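A structural walkthrough
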Amino acid sequence: MLISSLSNEKLPHLYRSTSFRLSDDLHVLETGHLCAPKGFRQVMKRDVFLLQYITQGYGKFCENEFTAGNGYLAVPNELEHIVAEDSTPYEVFWIMFSGSKAQDALEKCDLSCHNSVFAFENTKACADIINSTLSNFQPTNEREEAAVLNAALYRILALHFAELRSAISSDTISQKVMRFIRENYYENISIQTIAAQFNYSRNYIYARFKEDYGLSPQEFLLNLRIEKAKQLLLKERTLSIKDVALSVGYTDSLYFSRLFHRKVGISPKDFIKTNAQ
């Protein structure tokens, strides 16, 4: 069903939604287009996945800046902060989906299953695919509509797969390791895990990473986890220290607290108190 809220001055947008599911594995719920108004702000959580492709303007998503040519991914149960730049608010096309295989599909596209902004060479092509579901399309029944929306998602995933193959072939081992760590920091990963993932020896990976970035993969992982933990401690005040530890890959909250104190100089609890507003 195509719905227009262009008469709504606060949030003018056009979207097509469907409640019919072709499959429980992966199904599209909605596609849409938004020209964000100046000063637009939104804080929310979702229970679905949302890929958004920016075609004009500037903004911030979860404190990360984006511009035309970028995309951003919103995932279930993570707090979103969306801000439109006042002078040049953004235009975006989105596709909303869910299903038991949704996270797996994103991971295979090399997209982190956390709220994040990403660079993408085919942003306009994805926007055009989404726009085709909104313009000049009059479905005869809900099954046809659902099929067209699902086909749009698979065409978009195909573009991500194509870019991923190109990126992987040209990346150095250090770049591949860094990307792997960034996308899996919340898992129980180690240098052994990384070595097995890329079929190189631990010593070779250590040497190349240290040469290119000036620190070991383990040090990079620790620094990343602590930065992610700091963000969670400040933004998700309802989370316990144990929950934060688990969110960044540590099952032992006491061990996490010791590492945090070593890197930051204060305990997680004191960090919250120090930065309380």
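Above this text sits the structure in question.
In this report, the structure presented in the accompanying data block is examined.

Cut-offs applied
As a convention, each chain's residues are numbered from 1 in the sequence order in which they are written. It should be noted that, the model being predicted, local features are given only for residues of pLDDT at least 70 and side-chain atom pairs only at 80 or more, the latter also being counted only at that level, while totals for whole chains, interfaces and linings use all residues. Neither water nor hydrogens contribute to the side-chain values; these are computed over all heavy atoms in the structure. Strands here mean DSSP runs of E at least two residues long; helices mean DSSP runs of H or I at least four residues long; both are numbered from the N terminus. The globule rule is 2.2 Å times the number of residues to the power 0.38, and the radius of gyration it is compared with is taken over C-alpha atoms. With a 1.4 Å probe rolled over the protein chains alone, any residue whose accessible area is under 20% of its type maximum counts as buried; one over 50% counts as exposed, and the rest are partly exposed. Contacts: residue pairs with any heavy atoms within 4.5 Å of one another. Only the protein chains shown count as cover for residues, and all accessible areas are computed by the Shrake-Rupley method using a 1.4 Å probe. Asp and Glu are treated as the negative residues and Lys and Arg as the positive ones, with His and the ends of the chain left uncounted. A single reference atom marks each charge: NZ on Lys, CZ on Arg, CG on Asp, CD on Glu. A pair of strands is considered paired only if DSSP assigns at least 2 bridges between the two. Salt bridges are counted wherever a side-chain nitrogen of Lys or Arg sits within 4 Å of a carboxyl oxygen of Asp or Glu.

**Looking at the overall build of the protein chain**
Secondary structure summary: the protein chain contains 10 helices and 11 strands in total. On C-alpha atoms alone, the protein chain measures out to a radius of gyration of 21 Å, which is about the 19 Å that the 2.2 N^0.38 rule sets for 277 residues. Structurally, the protein chain occupies a C-alpha span of about 60 × 45 × 35 Å along its principal axes. Within the protein chain, buried positions represent 43% of all 277 residues. Contacts in the protein chain between residues at least 24 apart in sequence constitute 68% of all its contacts with a sequence separation of at least 6. A total accessible area of about 14,700 Å² is found for the protein chain, and carbon and sulfur atoms account for 49% of it. Each charge class in the protein chain was averaged separately, 31 positive and 32 negative side chains, and the resulting centres sit 6 Å apart.

**Structural notes on the pairing of strand 11 (residues 116-119)**
Burial along strand 11 is one-sided: Ser-116 and Phe-118 are buried, while Val-117 and Ala-119, pointing the other way, are not. As judged from the 4 bridges shared by strand 8 (residues 70-74) and strand 11, these two strands associate in the antiparallel manner. Bridged to Leu-73 within strand 11 is Ser-116.

**Looking at the pattern of salt bridges**
Taken as a whole, this structure holds 8 salt bridges when the rule is applied. The partner of Asp-104 in a salt bridge is Lys-108, and the shortest N-O contact between them spans 3.1 Å. One end of the pair is Asp-104 and the other is Lys-108, both in helix 1 (residues 102-108) and 4 residues apart, which spans about a single turn. Ionic pairing is found between Glu-211 and Arg-208, a salt bridge with its closest N-O pair at 2.7 Å. Taken together, the residues Glu-211 and Arg-208, both in helix 6 (residues 202-213) and 3 residues apart, mark about one turn of the helix. The exposed category is assigned to Glu-211, whose relative accessible area is 56%.

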